[in-house]
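Examination of the molecular architecture
Each chain, letter by letter, is given below.
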Amino acid sequence: MRRFGLIRERIALLLKEAIQRAQAKGALPPVAVTEVALERPQKPEFGDYASTIPLKLSRAARMSPMAIGKAIVDEVSSTDLIGKVEAVPPGFINVTLSESWLANQVDAIIAAGPAFGDIALGRGVRMQIEFVSANPTGPLTAASGRGGALGDTLANVLSAAGFEVEREYFINDAGSRMEVFFQTVYARYAQALGQAEDVPPEGYHGTYVSDLAQEILREYGDRFLRLPRERATEEMGRIALDRMVGAAKRDLADMGVRYDCWFSEQSLYDSSLVKKTLELLRSRGFTDEREGALWFTSSALGEDKDNVLVRSNGAPTYFASDITYHYNKFLIRNYDQVIDILGADHQGHVPRMKAGVTALGVDPDHLTLIVHQMITLRRGDEIVRMSKRTGDIVSLREVLDEVGPDACRFFFLSRSADSQMDFDLDLAKRQSNENPVYYVQYAHARIASILRYAGDVDFMTGNVTLLVSEPEQTLIRKMLQLPELVEIAATRLEPHHLPYFAQDLAAVFHSFYKQCRVVSDDLELTRARLKLVEAAKIVLAKTLALMGVAAPEQM
RNA sequence: GCGCCUGUAGCUCAGUGGAUUAGAGCACUGGUCUUCGGAACCAGGUGUCGGGGGUUCGAAUCCCUCCAGGCGUACCA
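Let me sum up the structure you'll find in this document. Just so you know, the residues in each chain are numbered from 1, in the order the chain's sequence is written. Written order determines the labels here, with chains lettered from A and ligands numbered from 1. Thresholds applied to this predicted model are a pLDDT of at least 70 for local features of residues and 80 or more for the giving and counting of side-chain atom pairs; totals over whole chains, interfaces and linings are not thresholded and use all residues. Side-chain metrics rest on all non-hydrogen atoms present in the structure, leaving aside hydrogens and water.

Digging into the overall build of chain A
Under the convention used in this document: Helix and strand definitions here come from DSSP, where helices need a minimum of 4 consecutive H or I residues and strands a minimum of 2 consecutive E residues; each element is numbered from the N-terminal end. Throughout this description, buried means an accessible area under 20% of the type-specific maximum (1.4 Å probe, protein chains only), exposed means over 50%, and partly exposed covers the range between. Two residues qualify as a contact provided that any one of their heavy atoms is within 4.5 Å of a heavy atom in the partner residue. Surface accessibility in these figures is a Shrake-Rupley result with a 1.4 Å probe; residues are shielded only by whichever protein chains are displayed. Two residue types count as positive, namely Lys and Arg, and two as negative, namely Asp and Glu; His and chain ends fall outside the count. By convention, charge coordinates are those of NZ in Lys, CZ in Arg, CG in Asp, or CD in Glu.
When its secondary structure is counted, chain A shows 20 helices and 15 strands. Over its C-alpha atoms, taken along the principal directions, chain A stretches across nearly 85 × 60 × 45 Å. Put simply, chain A has 555 residues, and 53% of those count as buried. Within chain A, residue pairs in contact and separated by at least 24 positions form 74% of the contacts whose partners lie at least 6 positions apart. Accessible surface, chain A: about 24,800 Å² in total, of which carbon and sulfur atoms supply 49%. With 63 positive and 74 negative side-chain charges, chain A shows a separation of 2 Å between the mean positions of the two kinds.

Written as structure tokens, this is what we have:
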């Protein structure tokens with residue numbers, strides 16, 4: 001797969017070489033220059049890239065920023081890439097890309113095809129990203145949708161950035177919540193058969209459990225009532241669990257979320273890995289027995305408290321499973337980097353997991369925990385609570401059915417993980433026509449339509465050097481930002497920049513379309529512009545693909 | 001109490017220490033004029049960047065403090 005060197009890096013190198021030459025000639029004092037940072041100026045008249053290096057060197061060099069700027073600019077070697085480079089007050093160096101180089105990039109984009117935007121940042125580093133991993137004790141909630149969109153998109157972005165990414169869902173099919181869930185299913189089943197059974201006090205009161213019990217009753221009859229209670233609870237529970245996991249898989253698949261692996265928590269017990277991991281922690285001196293329980297002495301690793309691994313009743317906690325799970329990730333499957341995406345309601349898990357992997361002898365920097373804030377669901381002014389235990393659920397399924405997967409993903413992705421999110425279901429439905437996702441998709445459909453309209457015009461021979469008008473160059477500039485966007489999203493683990501870029505790109509395309517007739521009597525210009533349109537389609541489709549949003553040929 | 005996150009336009013939100021006027025979408029108003037898809041384009045304006053200090057040549061951005069909201073702070077997950 002072909003990957004492109006970033007324009008920004010090429011320019012930074014040119015500036016750095018210029019500085020070295022200026023220093024060699026004595027035009028600049030030999031002060032140390034670590035890196036030449038480049039930014040994208042807010043305004044077009046300031047060029048495509050700008051550096052503040054003169055301002056930063058001013059003090060050490062004991063020269064005015066403008067004098068430094070001029071000394072550097074004088075030494076920048078001329079290339080086909082740069083059209084103009086100038087020093088401007090108070091001490092910026094502004095770089096403008098050359099018209100002809102920009103025009104030629106249209107050919108480069110078409111040659112790259114769907115690989116355009118891919119970069120060589122990851123260099124094959126093996127990375128695992130785990131997300132959603134919701135308890136299979138009920139349907140996925142809308143909140144899980146946020147984790148799903150975030151994790152799946154981040155995985156797409158990291159793959160595009162050259163990481164070797166595997167996506168995983170941790171199925172919490174063991175432990176105390178599971179027992180309570182099994183008992184709840186049994187109670188509802190028994191109730192359906194006229195028995196006086198109560199849902200356990202900490203049980204799940206949602207109607208979905210009753211539905212599930214009815215379903216089991218229809219398919220299996222009353223046979224579980226004739227089995228010993230413990231065995232019936234276990235067997236029926238396993239059936240219910242399978243259905244819940246199956247539903248989660250369907251919901252996520254319908255949202256376009258893909259997984260490479262669904263990993264069972266129970267398997268960690270079945271293979272005795274939990275026991276082995278606890279032994280390891282014990283032998284390394286990170287455990288302590290107090291009040292009949294086994295504690296992880298995380299306070300010795302800088303955490304503010306210790307955490308229970310095995311309760312005094314002998315049952316391991318979820319934390320014991322999760323450390324074991326990370327033992328598996330790091331020491332059995334040997335991932336170089338692991339990312340866990342959690343909801344804010346699990347933020348307390350972050351410091352102890354960091355301490356946990358440290359105790360395993362793993363560099364905690366190899367584990368990144370991304371915490372996304374909660375979403376508040378509303379229907380108009382009414383706030384909707386989401387809890388599987390109370391049964392007051394807005395399921396992901398419901399949101400998908402109401403809003404559709406594309407709008408759903410686009411919406412979830414449009415906010416940074418750090419921000420709480422308001423999701424008004426009424427509004428999302430009512431405004432579906434005004435949702436930015438349609439604006440972006442419309443641009444893609446319009447492009448496809450233009451290409452259809454052009455019919456059999458063979459534009460692959462088009463001469464892109466004709467593409468020098470302002471709307472054309474603006475569109476090319478915007479398209480060329482995609483690789484940098486991938487870099488930013490991948491290094492900062494922030495996929496929320498994608499929807500904004502998609503909107504910008506669509507807007508720039510619509511504006512171009514309005515100003516430039518594509519298919520006209522001028523055959524040469526038509527061919528060139530069709531190439532540009534084709535390139536725009538590639539870039540827009542790639543952006544949408546990274547977000548997991550459909551790129552329709554027509555709407 | 002302590003910890004994490006947040007506070008930017010009427011609403012929902014972007015904003016990697018930099019450029020006399022801090023951005024986008026929605027909503028609102030007016031225009032385009034519609035032979036390639038009008039689900040479009042163009043033009044309009046509001047901000048004590050929560051308050052107050054500090055660092056810096058320069059702060060929405062970094063530090064301190066206060067206020068407000070969300071979440072966490074279990075032998076739950």
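Having put the structure on the table, let's press on.
With respect to the nonpolar core
Rules: Here, nonpolar core means buried Ala, Val, Leu, Ile, Met, Phe, Trp, Tyr and Cys residues that are tied together by side-chain atoms lying within 4.5 Å of each other.
Membership of the largest hydrophobic core comes to 151 residues, with the highest contact counts inside it found for I11, I72, Y169, F181, F423, L475 and M479. Looking at which element gives the most residues to this core, the answer is helix α20 (residues 523-547), with 12 residues. If you look at the next biggest cluster of nonpolar residues, it comprises 29 residues, including L273, F286, V310 and V357.

Some words on the protein's contact with RNA strand B
Going by this rule: Think of it this way: one heavy atom of a residue within 4 Å of a molecule or strand is enough to make that residue near it. Whenever two N or O atoms come within 3.5 Å, that pair is a polar contact, provided that in protein one can donate a hydrogen and the other can accept it, and provided that, for residues adjacent in sequence, both atoms are side-chain atoms. Gly is placed with the polar residues, together with every amino acid not listed as nonpolar (Ala, Val, Leu, Ile, Met, Phe, Trp, Tyr, Cys and Pro) or charged (Asp, Glu, Lys and Arg).
Of all residues adjacent to RNA strand B, which total 65 residues, the nearest are R59, R311, Q347, R415 and R446. Each atom of RNA strand B within 4 Å of the protein belongs either to a base or to sugar and phosphate, the latter forming 62%. In this structure, a base oxygen belonging to RNA strand B sits 2.7 Å away from a main-chain N or O atom of S312. A distance of 3.2 Å separates a phosphate oxygen of RNA strand B from a polar side-chain atom of S419. Of all the secondary-structure elements, those providing two or more residues to the surface near RNA strand B are α2 (53-61), β4 (92-97), α6 (176-192), β9 (293-296), β15 (421-424), α16 (436-454) and α19 (497-515). When the residues that make up the surface near RNA strand B are grouped by side-chain class, the tally is 23 nonpolar, 22 polar and 20 charged.

Here we look at the environment of D418
By the element assignment, D418 lies in the loop between α14 (405-413) and β15. When the C-alpha positions of D418 and I370 are compared, they lie 9.1 Å apart, and in sequence the two are 48 residues distant. Leaving out residues up to four positions away in the same chain, D418 has contacts with V371 and Q373.

Side note on the sheet that holds β9
Counted only if it meets this: Paired strands, as defined in this entry, are two strands with at least two bridges between them according to DSSP. To define axes, lines are fitted to C-alpha atoms, for helices over the stretch in contact only, and angles between the resulting N-to-C directions are given on a 0 to 180 degree scale.
The sheet built from 3 strands is open, its strands ordered β8-β9-β10 with antiparallel pairing. Looking at which strands have only one partner, the edges of the open sheet turn out to be β8 (287-290) and β10 (307-310). On average, each strand axis in the sheet is inclined to that of its neighbour by 40°, with strand direction left out of account. As judged from the 3 bridges shared by β9 and β10, these two strands associate in the antiparallel manner. Of the residues in β10, the one forming a bridge with F296 is N307. Across the sheet, helix α11 (residues 318-332) lies against β9 and β10, angled at about 80° from β10, the strand it touches most.

Comments concerning empty space enclosed by the protein
The method is simple in principle: a probe with the dimensions of a water molecule rolls over the atoms, and the space it marks as empty is what remains. Stated formally: Cavities and pockets were defined on a 1 Å grid built from protein atoms only: a cavity is a group of points that admits a 1.4 Å probe but offers it no way out, a pocket is an open group of points flanked by protein on both sides within 12 Å along at least five of seven lines, and a lining residue is one with an atom within 4 Å of any such point. Grid points are joined across faces, edges and corners, and a volume is the space filled by probe spheres set on the points.
Summed over the entire model, instances satisfying the criterion amount to 3 cavities of 30 Å³ or more. Here the largest cavity defines a volume of roughly 60 Å³. Lining the largest cavity, in full, are A134, N135, P136, G138, L140, Y169, I171, M244, V245, A248 and W262. Among the elements of the structure, β6 (164-171) and α8 (229-254) are those that each provide at least two residues to the lining of the largest cavity. Element by element, the count of residues in the lining of the largest cavity is highest for α8, at 3 residues.

Observations regarding the packing of helix α17 (residues 470-479) against α19
Here is the rule we go by: Note on angle classes: values under 35 degrees are labelled roughly parallel, values over 145 roughly antiparallel, values of 65 to 115 roughly perpendicular, and the remainder oblique. Note: crossing handedness is left-handed where the near helix turns anticlockwise from the far helix by less than a right angle, and right-handed where it turns clockwise.
Closest axis-to-axis distance for the α17/α19 pair is 9 Å, and the angle between their directions is 160°. With respect to each other, α17 and α19 are oriented roughly antiparallel. Seen along the crossing, α17 lies across α19 with a hand that is left-handed. Contact with α17, carried on its side by E470, P471, E472, T474, L475, K478 and M479, involves F501, D504, L505, V508, F509, F512 and Q515 of α19 and no other residues of that element. For the contact of α17 with α19, a count of residues per class yields 8 nonpolar, 2 polar and 4 charged.

Some points on α8
Under the convention used in this document: Here the expected length of a helix is defined as 1.5 Å per residue gap, with one fewer gap than residues.
Counted at 1.5 Å a residue, the expected span for α8 with its 26 residues is 38 Å, and the 37 Å between its end C-alpha atoms agrees. Residues of α8 that are buried include every one of A232, T233, M236, G237, I239, A240, L241, M244, V245, A248, D251 and L252, and no others. Lining the buried residues of α8 we find β6, α6, α7 (207-220), β7 (261-264) and α13 (396-403). A positive phi of about 80° marks G256, the residue just after α8.

Focus: the pairing of strand β3 (residues 82-88)
For β3 and β4, the ladder comprises 6 bridges, and the chain directions are antiparallel. In the sheet register, A87 faces β4, and the bridge partner there is I93.

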